[in-house]
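Below are the chains, spelled out letter by letter.
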Amino acid sequence: AALARAVTEAAAEAVSSGGRFTLGVSGGSLVPLLARELPGALSAAPGADPSRWLVALCDERLVPPEHPESTAGAYRVRGAGGTARGRSSGHQFGPVRP
């Protein structure tokens, strides 16, 4: 929860200054953590405006999003923040492209 709060607080600060919030994410254990904690943290920080986020995948593998080793695919399946091609089942903070 602390990581998700720190992320949304930094996002709110960036967005409030008229900018964008840029976040680099990796896969692995971060995927379920963000899927579980980020939606609540975003709800508690309305100034974080997910539409102003740019999310970059820092360790994406050269595999299709459907592949089990795909970081973009893992975020899409978990619904953590955004998904491949910008489709989301929850909060969308910008497209995550493989």
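Each value, and the rule that gives it
Residues numbered from 1 in each chain as written. Predicted model: local features only at pLDDT ≥ 70, side-chain atom pairs only at ≥ 80, totals over all residues. Heavy atoms only, no water. Helix = DSSP H or I, 4+ residues; strand = E, 2+ residues; numbered from the N terminus. Buried < 20%, exposed > 50% of the residue type's maximum accessible area, 1.4 Å probe, protein only. pLDDT = per-residue confidence, 0-100. Contact = heavy atoms within 4.5 Å. Axes fitted to C-alpha atoms, helices over the stretch in contact; angles between N-to-C directions. Parallel < 35°, antiparallel > 145°, perpendicular 65-115°, else oblique. Left-handed = near helix turned anticlockwise from the far one by under 90°. Nonpolar A, V, L, I, M, F, W, Y, C, P; charged D, E, K, R; others polar. Expected span 1.5 Å × (residues − 1).

Going by an unreviewed UniProt entry, the chain carries the name 6PGL phosphogluconolactonase and comes from Poecile atricapillus.

Mind laying out unusual backbone geometry, listing which residues take part and the relevant values?
Phi at D49 takes a positive value of approximately 30 degrees, unusual for a residue other than glycine. Along the chain, D49 turns up in the loop between α2 (30-44) and β2 (53-57). Residue D49 is classed as partly exposed on the basis of its relative accessible area of 28%.

Describe the confidence of the model for the chain, and please don't skip the residues or the numbers.
Within the chain, residue pLDDT values average 81, and 80% of them lie at 70 or more. Of all the helices and strands in the chain, helix α3 (residues 71-78) carries the lowest mean pLDDT, 85, while helix α1 (residues 2-16) carries the highest, 95. When the criterion is pLDDT under 50, residues 81-98 qualifies, and its contacts beyond four places in sequence or with other chains add up to 47 contacts.

So, the packing of α2 against α3: which residues are in play, and what are the values?
In contact at an axis separation of 10 Å, α2 and α3 are set at 30 degrees when each is read in the N-to-C sense. With respect to their mutual orientation, α2 and α3 come out roughly parallel. Along this stretch, α2 crosses α3, giving a crossing that reads as right-handed. Across the interface between the two elements, L30, V31, P32, L34 and A35 from α2 touch A74, Y75 and R78 from α3. For the contact of α2 with α3, the residue count by class is seven nonpolar, no polar and one charged.

How would you explain α2 if you had to name every residue and give the values?
For α2, built from 15 residues, the straight-helix expectation of 21 Å at 1.5 Å per residue is met to within 8% by its first-to-last C-alpha distance of 20 Å. Packing partners of the buried residues in α2 comprise α1, β1 (21-25), β2 and α3.

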